[in-house]
Amino acid sequence: MVKSFSDRLKCVSHPKAQELINIILRKKSNLCFSADVTESQKLLELVDKVGPHICLLKTHIDIVSDFTPDLVTELRKLAKKYDFLIFEDRKFADLGNTVQKQFSEGIYKISSWADFINAHVVVGPGIITGLKNVAHNQGLILIAQMSAAGNLCHQAYIKEALMMAEDNRSFVCGFICTESVTSDESFLNFVPGVNFSSSGDGLGQQFVSPSQAVQKGADVIIVGRGIYQSSNPAATAKEYKELAYTAYLNLLES
Ligand code: 6AU
């Protein structure tokens, strides 16, 4: 039996995860837009169009060729205007001592503006402690599975990711996964590799449709090229939003 987002609010404890669920309910959108473009102006224009339809914006801030701190200021303004949160997909993967500098220093200073970040678990729990030491209320999403063909996230690896999440509930609020990896509904499942007009990209990415992703356990679907490569990103985002949210409502009824 699938729990509604309203019911999930009762068991989700992380403040950022609660904030996200409240946005999902307000906007009837469990769509995360992955804005993987390399120019600031293009990124801001896209987010201005897609903003009304998303609960979460995912950035790869280090692919922006003309990055300045103003970009982040503008993105935060758009997040406020359109009521969404920001997830920096930095995929931290190093020692605790290193990731805390990558998270808070350098030119991006991610800890000063992101709501969510993610990390690989291959290095062990020290990565969580390192990130937590310098976090400013961020929610951490652990990468339990990947959407890429031939990835190395086997069952034992997923189990370790789960255990690390359970041991760090005050900071870890969910998983990057391709299907539900736990029956514990206090964690949110963020599912990438979603596209309704393509099955892959020739570089390992494997796509499923929005309804398939939700049926497999996605709380939030992550869509990149499906939206930003379309001729009308706003209309396409609206379509993804409606498909995913309808799939969620159908699950509740089934
Ligand atoms: O829809 P796409 O394929 O254009 O974009 C998918 C986005 C990209 C990937 O870096 C990211 O989702 N992603 C992740 C994340 C979010 O951690 C993990 C994964 O296994 N697969 C994946 O595509 O920005």
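This text follows the structure it describes.
Calculation notes
Residues numbered from 1 in each chain as written. Predicted model: local features only at pLDDT ≥ 70, side-chain atom pairs only at ≥ 80, totals over all residues. Heavy atoms only, no water. Near = heavy atom within 4 Å. Polar contact = N/O pair within 3.5 Å; in protein donor to acceptor, adjacent residues only side chain to side chain. Areas by Shrake-Rupley, 256 points an atom, 1.4 Å probe, with all protein chains shown as cover. Nonpolar A, V, L, I, M, F, W, Y, C, P; charged D, E, K, R; others polar. Core = buried A, V, L, I, M, F, W, Y, C linked by side-chain atoms within 4.5 Å. Buried < 20%, exposed > 50% of the residue type's maximum accessible area, 1.4 Å probe, protein only. Contact = heavy atoms within 4.5 Å. Helix = DSSP H or I, 4+ residues; strand = E, 2+ residues; numbered from the N terminus. 1 Å grid on protein atoms, 1.4 Å probe; cavity = no way out; pocket = protein on both sides within 12 Å on 5 of 7 lines; lining within 4 Å. Points joined across faces, edges and corners; volume = space filled by probe spheres on them. Expected span 1.5 Å × (residues − 1). Arc of directions from axis to C-beta.

A separate point is the site of the ligand. Around the ligand lies a shell of 16 residues, among which D36, K58, S147, Q205 and R225 are the nearest. A distance of 2.9 Å is found between an oxygen atom of the ligand and a backbone nitrogen or oxygen belonging to G224. R225 is positioned with one of its side-chain polar atoms (N or O) 2.7 Å from an oxygen atom of the ligand. Here the ligand loses 91% of its free accessible area of 510 Å² to cover by the protein chains. Split into classes, the residues belonging to the shell around the ligand amount to five nonpolar, six polar and five charged.

With that settled, the discussion passes to the nonpolar core. Formed by 84 residues in total, the largest nonpolar core has its most connected members in L20, L131, L142 and I221. The contact partners of L142, leaving out residues within four places of it in the chain, are A119, V121, I128, A161, M164, A165, V172, G174, F175 and I176.

Residue position: H60 is located in the loop between β2 (56-59) and α4 (69-82). Side-chain polar atoms of H60 contact the backbone oxygen of D89, separated by 3.1 Å. Excluding residues that lie within four positions of it along the chain, H60 makes contacts with D36, E88, D89 and K91.

This next bit is on the layout of surface pockets. Volume-wise, the largest pocket comes out at about 400 Å³. In terms of lining residues, the largest pocket is bounded by 23 residues, among which K58, S147, P192, G193 and Q205 are the most central. Secondary-structure elements contributing two or more residues to the lining of the largest pocket are β3 (85-92) and α9 (225-228). Along the lines of polarity and charge, the residues of the lining of the largest pocket split into eight nonpolar, ten polar and five charged. In this structure, the second largest pocket spans a volume of roughly 300 Å³.

Over its 14 residues, α4 extends 20 Å from the first C-alpha to the last, a length consistent with the 20 Å expected when each residue adds 1.5 Å. Those residues of α4 that sit buried are L71, V72, L75, L78, A79 and Y82. Around the axis of α4, the buried residues are gathered within 120 degrees of arc, so they sit on the same side. Residues of α4 that are exposed and point over 90 degrees away from its buried face: P69, D70, K80 and K81. Its buried side turned inward, α4 meets α2 (15-27), α3 (40-50), β2 and β3. Residue D83 follows α4 closely and has a positive phi angle near 65 degrees.

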